[in-house]
Every structure is written in structure tokens, then in C-alpha cells.
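Okay, here's what each chain looks like letter by letter:
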Amino acid sequence: MQESTRGNVRNPACPGRQLFDLVTARWAALVLVDLMDGPQRWSELRRRAGGVSDKMLAQTLRDLETGGLITRTVHADRPPTVQYALTDLARDATPALQHLQNWAEEHTSDYAHHRHTHTTHPTP
């Protein structure tokens, strides 16, 4: 593991900004949350993510692997199988992701209420 140098995600030139953007991207965050349950195959991730296209899932997995957040392991079965898993770097972010997931799930009705109110009574 490399020596840590703290970045500033508010600086567009900071590599930490790219990492922040990657982790908080719509499908990436869902994939990371799903992988907290352990290694999974493509079909499991696609099913659990609900609504992701094959193209978007492929791109998301590629981006997460390139960013060092997941590993891709090919098993020489017949037919070959591929499994995805969190890296130590991503596991370090799981408490924050779990907290965000819990927060979103706990406030679903609040969010739905505000969305409904805003669409039925938009502000001038």
C-alpha cells in the first residue's frame, strides 16, 4: 500500500476528486453496497442492482476495477465464471456506504413526501 497523502475533493485537479466521484456514482455505489455481502458473479450484481443495463454494469465494474476498488477473478470452470469482490481500499469505505444506505432507507418516506409535494405544488 502506498503512503497516504490527503487530498482535497473540492479541487477538480485532485485525484481524490476522481475517487469521490467514482464511489458516489449511481451504479458504482450500488455495486459496492452489494459486494459488502461478499464476492458475487455478474448475474448476481445485475439482478441485485435492479434496472442497470449490461453496458452500464460492464462500464461500472471496469471503472471500479481500474480504480482499485474491486477485483475481478476468473475461475477456470466449465464454462468459466467471473467473480467480483471488494478490495481493502473499498472495504475501508464500507462503513460510510453502509451509513449512507441506512440513511436513505430510513428516510424513504420523507423523500417521497417532499418529491410529491414539490411536483404537486411547485414553487413559483
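Conventions we followed
- Residues numbered from 1 in each chain as written.
- Predicted model: local features only at pLDDT ≥ 70, side-chain atom pairs only at ≥ 80, totals over all residues.
- Heavy atoms only, no water.
- 1 Å grid on protein atoms, 1.4 Å probe; cavity = no way out; pocket = protein on both sides within 12 Å on 5 of 7 lines; lining within 4 Å.
- Points joined across faces, edges and corners; volume = space filled by probe spheres on them.
- Helix = DSSP H or I, 4+ residues; strand = E, 2+ residues; numbered from the N terminus.
- Nonpolar A, V, L, I, M, F, W, Y, C, P; charged D, E, K, R; others polar.
- Pairing = 2+ DSSP bridges.
- UniProt positions renumbered as here; feature names shortened; annotations may be inferred.

The protein has the name DNA-binding HxlR family transcriptional regulator in an unreviewed UniProt entry, where Streptomyces achromogenes is given as its organism.

Caption draft 1: Spatial organisation of the layout of surface pockets. As a volume, the second largest pocket reaches approximately 230 Å³. Those elements giving two or more residues to the lining of the second largest pocket turn out to be helix H2 (26–35) and helix H5 (88–106). When residues of the lining of the second largest pocket are assigned to their parent elements, the largest contribution, five residues, is made by H5. Looking at side-chain class alone, the lining of the second largest pocket contains six nonpolar, two polar and two charged residues.

Caption draft 2: Spotlight on the pairing of strand E2 (residues 70–75). Across six bridges, the pairing between E2 and strand E3 (residues 81–86) is antiparallel. Bridging across to E3, Arg72 finds its partner in Tyr84. Joining the antiparallel neighbours E2 and E3 is a turn of five residues.

Caption draft 3: Just the UniProt feature "domain: HTH hxlR-type" (unreviewed entry) in the protein, in detail. Per the UniProt record, "domain: HTH hxlR-type" (unreviewed entry) is found at residues 14–112. Helix makes up 66% of residues 14–112 and strand 14%, whereas the separation of the span's terminal C-alpha atoms amounts to 35 Å.

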